[in-house]
Amino acid sequence: YELYLINHEGIKEYNQKENKMYDLCIEEDRNIKIYNNEFVFSDSKDNIWISTSKGVKKYFINEERFIDYSKDSKNDQSITSDNITCFYEDFNGTIWIGTEKGINIVNKSNQFNLNTKHNYTNGILYDKNIVSILKQNGYYFVATKYNGIYIFNQNDGSLVDIIYPNNDNKLD
């Protein structure tokens, strides 16, 4: 088996058979390490998603190759921000990426569906600074940095509730 570790020097791969540690590097230049990797996520297809200072690197373990996702202001199908705050995989294997500017959902063409509207009645996020995403009992819970936790219905995507912190930093 292989184990992937993260530290201030980048991503490391430990190979048990060889009893060796390797730097996980960009294939174009094996001397370039991946920095600013605060979030690492392994999906159900054995890919590794890594936050970097330039967006996201997806590492295909079986192919030993990377693909990059970064903000492209000329492409409305690109990720909304290079500042990644979390990763989540839903029951369909769809990857959700939280950023400081909203939720990005990766489709099969490696393009992003974005949550960019600002209408409360349609169940849209006011606070785009996503901290965490999880699903439980048919609901998605989207925690934000400033405006609480948004609860969405899994079936139709409608906003069910928003839990705001009160003045004592406790949830109402």
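Notes on the structure in this doc start here. Along each chain, the written sequence defines residue order, and numbers are assigned to residues from 1. Side-chain atom pairs in this predicted model are given and counted only at pLDDT of 80 or more, local residue features only at pLDDT of at least 70, and totals for whole chains, interfaces and linings cover all residues. Side-chain metrics rest on all non-hydrogen atoms present in the structure, leaving aside hydrogens and water.

1. Description of the overall build of the protein chain
Counting secondary structure elements, the protein chain contains zero helices and 15 strands. Summary of the burial criterion: residues with accessible area below 20% of their type's maximum are buried, those above 50% are exposed, and those between are partly exposed, where the area comes from a 1.4 Å probe applied to protein chains only. Sorting the 172 residues of the protein chain into buried and exposed places 40% on the buried side. We call two residues contacting when some pair of their heavy atoms lies within 4.5 Å. At a minimum sequence separation of 6, the contacts of the protein chain that also span at least 24 residues come to 31%. For the protein chain, the accessible area works out to roughly 10,600 Å², and carbon and sulfur atoms hold 44% of it. Counting from the N terminus, the helices are DSSP H or I runs at least four residues long and the strands are E runs at least two residues long. Reported accessibility uses the Shrake-Rupley method at a 1.4 Å probe radius. Residues are deemed covered only where the shown protein chains occlude them.

2. Notes on the pattern of salt bridges
Whenever a carboxyl oxygen of Asp or Glu lies within 4 Å of a side-chain nitrogen of Lys or Arg, that contact is scored as a salt bridge. Evaluated as defined, the whole model comprises two salt bridges. Between Asp 68 and Lys 57 there is a salt bridge; the shortest N-O distance is 2.4 Å. With Asp 68 in strand 7 (residues 65-69) and Lys 57 in strand 6 (residues 55-60), the pair connects residues that are eleven residues apart, well separated along the chain.

3. Brief notes about the sheet that holds strand 14 (residues 149-153)
When DSSP locates at least two bridges between a pair of strands, those strands are taken to pair. Across the sheet, which stays open at both edges, the four strands sit in the order 12-13-14-15 with antiparallel pairing between neighbours. The strands lining the two open edges of the sheet, one partner per strand, are strand 12 (130-136) and strand 15 (159-163). Pairs of neighbouring strands in the sheet enclose a mean axial angle of 15 degrees, with direction left out of account. Pairing geometry for strand 12 and strand 13 (residues 139-144), over six bridges, is antiparallel. Across the sheet, residue Leu 134 finds its bridge partner in strand 13, namely Phe 141. Axes here refer to lines fitted to C-alpha atoms; in helices the fit is confined to the stretch in contact. Angles between the N-to-C directions go from 0 to 180 degrees.

4. A few points about unusual backbone geometry
Positioned with a positive phi, Asn 19 is a non-glycine residue whose angle comes to about 50 degrees. Mapped onto the fold, Asn 19 is located in the loop between strand 2 (10-15) and strand 3 (20-23).

5. A word on the packing of aromatic side chains
Two aromatic rings from Phe, Tyr or Trp, using only the six-membered ring of Trp, form a pair when their centres are within 6.5 Å; if the ring planes differ by under 30 degrees the pair is stacked, by over 60 it is edge-to-face, and anything between is tilted. The final tally for this structure, using the stated rule, is eight aromatic pairs. Plain terms: the ring middles of Trp 49 and Phe 87 are 6.4 Å apart, the flat faces sit at 50 degrees to each other, and that makes the pair tilted. Residue Trp 49 is located in strand 5 (residues 47-52), and its partner Phe 87 is located in strand 8 (residues 84-89); the two are separated by 38 residues in the primary sequence. A residue is classified by how much of its surface remains accessible, and Phe 87, at 12% relative accessible area, is buried. One aromatic cluster in this structure is built from Phe 41, Trp 49, Tyr 69 and Phe 87. Residue placement shows Lys 57 over the ring face of Phe 66; its charged tip is 5.6 Å from the ring centre. The ring of Phe 60 has Arg 65 lying over it, and the distance from NZ or CZ to the ring centre is 4.1 Å. Whether a charge sits over a ring depends on NZ of Lys or CZ of Arg being within 6 Å of the ring centre and within 35 degrees of the ring normal.

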